[in-house]
Amino acid sequence: MYNHEPADYDCPFCGLIAGRYNDLSSPTTLVWCTPTVTAFVSPRMWPTNLGHILVVPNQHHENLYDLPRSLGHAVFDLSQHIARAIRATYPGCTGTSTRQHNEPDGHQDVWHFHQHVFPRYDRDKLYSSPPRRGYASIEEQAPYALRLREYLDESLLGSDGAPTADEAHRNTEFR
């Protein structure tokens, strides 16, 4: 329903989930993985909101209209954990925002459902500023992923059967 991806679409998120990395992603940019969802640092950065996270279902679903409810719940649950981790570990962070886009007129630009989790700061002008030009390097993304993995490893260890951050970071069984 309301799909726009081309027939020959090579989904970058499916590639990352399958362990096919490129100059914008690597295992060091992954934050958390479960059998159903994955979170990673976005290579697109906003000037005053560095290190925002994308949470995606591991199965390919183009948009919110096609997303099974169970995966929507899994994305939300992980987004909540990520938001708490951002709030606790990003210096000066005083809030978080989530957003999700559908279709070209909704500003969707990757044809795989994803939810953004942004760190927020006083007067950061997130919604009135464009992203930085180009993409963040893996070296720039990695410290954000590391601090979130460390926090999630400590806060989620054994809490709901999810793998620890180290296990999730290296776990490729479900990929």
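Please refer to the structure higher up on the page.
Residues numbered from 1 in each chain as written. Predicted model: local features only at pLDDT ≥ 70, side-chain atom pairs only at ≥ 80, totals over all residues. Heavy atoms only, no water.

Peer 1: I keep staring at helix H3 (residues 138-156) and nothing clicks. Help me out?
Peer 2: Note: α-helices contain 3.6 residues per turn, so residues at a spacing of three or four share the same orientation. When the terminal C-alpha atoms of H3 are compared, their 25 Å separation across 19 residues agrees well with the 27 Å that a helix rising 1.5 Å per residue should span. Of all the residues in H3, the buried ones are Ile138, Gln141, Ala142, Tyr144, Ala145, Leu148, Arg149, Leu152 and Leu156. (Helix = DSSP H or I, 4+ residues; strand = E, 2+ residues; numbered from the N terminus. Expected span 1.5 Å × (residues − 1). Buried < 20%, exposed > 50% of the residue type's maximum accessible area, 1.4 Å probe, protein only.)

Peer 1: Teacher, can you tell me more about the pairing of strand S1 (residues 30-33) here?
Peer 2: Sheet faces and side chains relate simply in a regular strand, where the side chains alternate between the two faces. Taken together, the three bridges between S1 and strand S2 (residues 37-41) define a ladder with antiparallel strand orientation. For cysteine 33, the partnering residue across the bridge sits in S2 and is threonine 38. Turn length for the S1-S2 hairpin, with the two strands adjacent in sequence and antiparallel, is three residues. (Pairing = 2+ DSSP bridges.)

Peer 1: Please clarify how the packing of aromatic side chains should be interpreted in this entry.
Peer 2: Here a ring pair, both rings aromatic, is described through the centre-centre distance and the interplanar angle of the planes. For the structure on display, the rule yields four aromatic pairs. Ring centres of tyrosine 2 and tyrosine 65 lie 5.2 Å apart, and the angle between their planes is 65°; this geometry places the pair in the edge-to-face category. Within this pair, whereas tyrosine 2 is found in the segment before helix H1 (12-17), its partner tyrosine 65 is found in the loop between strand S3 (53-57) and helix H2 (69-89), the two being separated by 63 residues in sequence. In this arrangement the basic side chain of arginine 147 is found over the ring face of tyrosine 90, its NZ or CZ atom lying 5.2 Å from the centre. (Phe/Tyr/Trp six-rings, centres within 6.5 Å; stacked < 30°, edge-to-face > 60°. Lys NZ or Arg CZ within 6 Å of the ring centre and 35° of its normal.)

Peer 1: What exactly am I supposed to notice about the side chain of serine 26 here?
Peer 2: Turning to its location among the elements, serine 26 is positioned in the loop between H1 and S1. Residue serine 26 is classed as buried on the basis of its relative accessible area, which comes to 11%. Not counting the four nearest positions on each side in its chain, serine 26 is found in contact with Tyr21 and Ile138. (Contact = heavy atoms within 4.5 Å.)

Peer 1: Which parts of the structure should I look at to understand the sheet that holds strand S4 (residues 95-99)?
Peer 2: Within a beta sheet, neighbouring strands are joined by backbone hydrogen bonds and run either parallel or antiparallel to one another. The five strands lie next to each other as S1-S2-S3-S5-S4, forming an open sheet whose pairing is antiparallel. The open sheet has two edge strands with one neighbour each: S1 and S4. Taking each pair of neighbouring strands and ignoring which way they run, the sheet shows an average axis angle of 20°. Bridging between S4 and strand S5 (residues 115-120) involves five bridges; their strand directions are antiparallel. Residue arginine 99 lies in a different strand from S5, and its bridge partner there is histidine 116. On the sheet, H2 packs against S1, S2, S3, S4 and S5 and is oriented at approximately 160° with respect to S3. Each of S1, S2 and S3 touches H3; the most contacted strand, S1, lies at about 35° to it. (Axes fitted to C-alpha atoms, helices over the stretch in contact; angles between N-to-C directions.)

Peer 1: Explanation requested: the pattern of salt bridges in the structure shown.
Peer 2: By the definition in use, this model includes four salt bridges. Here arginine 123 makes a salt bridge to aspartate 122, at a shortest N to O gap of 2.8 Å. For the pair arginine 123 and aspartate 122, a shared accessibility class is recorded, and that class is exposed. (Salt bridge = Lys/Arg side-chain N within 4 Å of Asp/Glu carboxyl O.)

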